Amino acid sequence: MKHTDIRKAPSAATDSPIANIMPEVSVAMSVYNGERFLAPAIESVLSQTYTNFEFLILDDGSKDQTAAIIEAYAARDSRIRPIIRENRGLVASLNQLIAQSRAPLIARMDADDICLPERFAKQLAFLDAHPEFGVIGSRTYDIDDKDQIIEMHLPPHPETHEEFLAAIDHGALLLCHPSVMYRRDVVLAVGGYHAAFKHCEDLDLWLRLASCTRLGNLPDRLIRYRHYPEQVSSRHATVQQIGAAIARLAYYERMAGNADPTEKLENLPPIAALDSVFKRNGVAQQLRATVAHGLKHSLAALRDEGFTIIQRHLRDGGSRKGMWRTVARLVKYGEPIRALRLCFTLLTTKAL
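Residues numbered from 1 in each chain as written. Predicted model: local features only at pLDDT ≥ 70, side-chain atom pairs only at ≥ 80, totals over all residues. Heavy atoms only, no water.

S.K.: Outline the overall build of the protein chain, listing residues and values.
M.R.: Check the secondary structure of the protein chain and you find 16 helices and 8 strands. Radius of gyration (C-alpha) of the protein chain: 22 Å, near the 20 Å computed for a compact globule of 352 residues. A principal-axis box enclosing the C-alpha atoms of the protein chain has dimensions of 75 × 45 × 40 Å. Counting over 352 residues, the protein chain shows a buried share of 51%. Taking all contacts inside the protein chain whose residues are at least 6 apart in sequence as the whole, residues at least 24 apart take part in 77%. Accessible surface computed for the protein chain: about 16,300 Å², of which carbon and sulfur atoms make up 55%. Here the protein chain contributes 43 positively and 42 negatively charged side chains, and the mean placements of these two sets differ by 7 Å. (Helix = DSSP H or I, 4+ residues; strand = E, 2+ residues; numbered from the N terminus. Rg over C-alpha atoms; globule rule 2.2 N^0.38 Å. Buried < 20%, exposed > 50% of the residue type's maximum accessible area, 1.4 Å probe, protein only. Contact = heavy atoms within 4.5 Å. Areas by Shrake-Rupley, 256 points an atom, 1.4 Å probe, with all protein chains shown as cover. Lys, Arg positive; Asp, Glu negative; His and termini not counted. Charge placed at Lys NZ, Arg CZ, Asp CG, Glu CD.)

Okay, here's the thing in structure tokens:
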């Protein structure tokens, strides 16, 4: 079936006078096969106490009922602008949403999360009062796939810009992507989302913005952020952590006054090529050491190339902390061969 871009809601909705009011906020949501949680996510946006927004919902070539759900809501609320097209990936979708937004402020939203009613009002008030800030996020309630609140035992996101910069240096959490509201012109000025950083495109953007605007988080919990096995961060843990580590390497290159070697890349290079890309020895080994201990906690990573990265890290004499527990974890996950391989590596190598 041929897919086309739909720029406006059906005529019954766009005939409303509300559709002709210039919005102060554009809500940007990209969806791919999101029918499971999409309706409550849309409802939470439409239920905001602040109402002068447009709601761009881009269906990125879904194969389920996502497009039908979007169009049904668009027929009922003139603020919704559906875009239905073939699959191009999240980064392309986010950049398209920014390009087609009419408002000076953009509120990100994902199709599996839930906004609390005061979210837009509180973030807009903060940005109005603090023109030096280009991005403001919020704390979150973490929920599971049954809408139950779960305890993640993670430190809160940094509130001030100074805390944000310190969090970068400590490798800590920065912003929850679907919780942010940012200034459109500031994001466009740094080139939007970069194609190479698939599955960590938001972190790369925050790190690039950190040198030209202020970023932070409200102390309020303004979004219910969903965790479940099928979400992108669970399925692509290895790619995400590698990309995040490279984004941080690029950040420190820029802070040192050097050119960013990732700026023009469409895809990130293999780890083995990083010494050449960053023009110094030891970068690849440094990256493996950075990501190995995060990957050991991910079932998906232990079953894909993440396991190879851990093995190479140990053979390079890297830290063995927690690796024997990883052997037990592999047995528990039903991966006895990999457990034996990791056990052999631990027995035949030594930490430097």
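Next, the rest of the story.
S.K.: Requested: an account of the packing of helix H10 (residues 237-255) against helix H12 (residues 283-295), with residues and values cited.
M.R.: For any two helices packed against each other, the geometry is given by the interaxial angle and the distance between the axes. Axis separation between H10 and H12 bottoms out at 10 Å; the angle between their running directions is 135 degrees. The angle between H10 and H12 falls in the class oblique. The two elements H10 and H12 cross, and the hand of that crossing is right-handed. Between H10 and H12, the contacting residues are Ala237, Thr238, Gln241, Ile242, Ala245, Ile246 and Leu249 on the first element and Val283, Gln286, Leu287, Thr290, Val291, Gly294 and Leu295 on the second. Counted by class, the contact of H10 with H12 contains 9 nonpolar, 5 polar and no charged residues. (Axes fitted to C-alpha atoms, helices over the stretch in contact; angles between N-to-C directions. Parallel < 35°, antiparallel > 145°, perpendicular 65-115°, else oblique. Left-handed = near helix turned anticlockwise from the far one by under 90°. Nonpolar A, V, L, I, M, F, W, Y, C, P; charged D, E, K, R; others polar.)

S.K.: Please set out helix H2 (residues 35-46) residue by residue, giving values where relevant.
M.R.: Across its 12 residues, H2 extends 17 Å between first and last C-alpha, which sits within 8% of the 16 Å expected from 1.5 Å per residue. Looking only at H2, the buried set comprises Phe37, Leu38, Ala41, Ile42, Ser44, Val45 and Leu46. (Expected span 1.5 Å × (residues − 1).)

S.K.: Tell me about the side chain of serine 138, and name the residues and values.
M.R.: Among the structural elements, serine 138 can be located in strand E6 (residues 133-143). What makes serine 138 buried here is its relative accessible area of 1%. In contact with serine 138, not counting residues within four places along its chain, are Gln123, His157, Ser179, Asn217, Leu218, Asp220, Leu222 and Ile223.

S.K.: I'd like a description of the packing of H12 against helix H14 (residues 305-315), backed by residues and values.
M.R.: Taken N-terminus to C-terminus, the directions of H12 and H14 make an angle of 125 degrees; their axes are 9 Å apart at the nearest point. Compared by their axis directions, H12 and H14 come out oblique. Between H12 and H14 lies a crossing whose hand is left-handed. Contacts from Arg288, Ala289, Val291, Ala292, His293 and Leu295 of H12 reach H14 at Gly306, Ile309, Ile310, Arg312 and His313. The residue makeup of the contact of H12 with H14, split by class, is 6 nonpolar, 3 polar and 2 charged.

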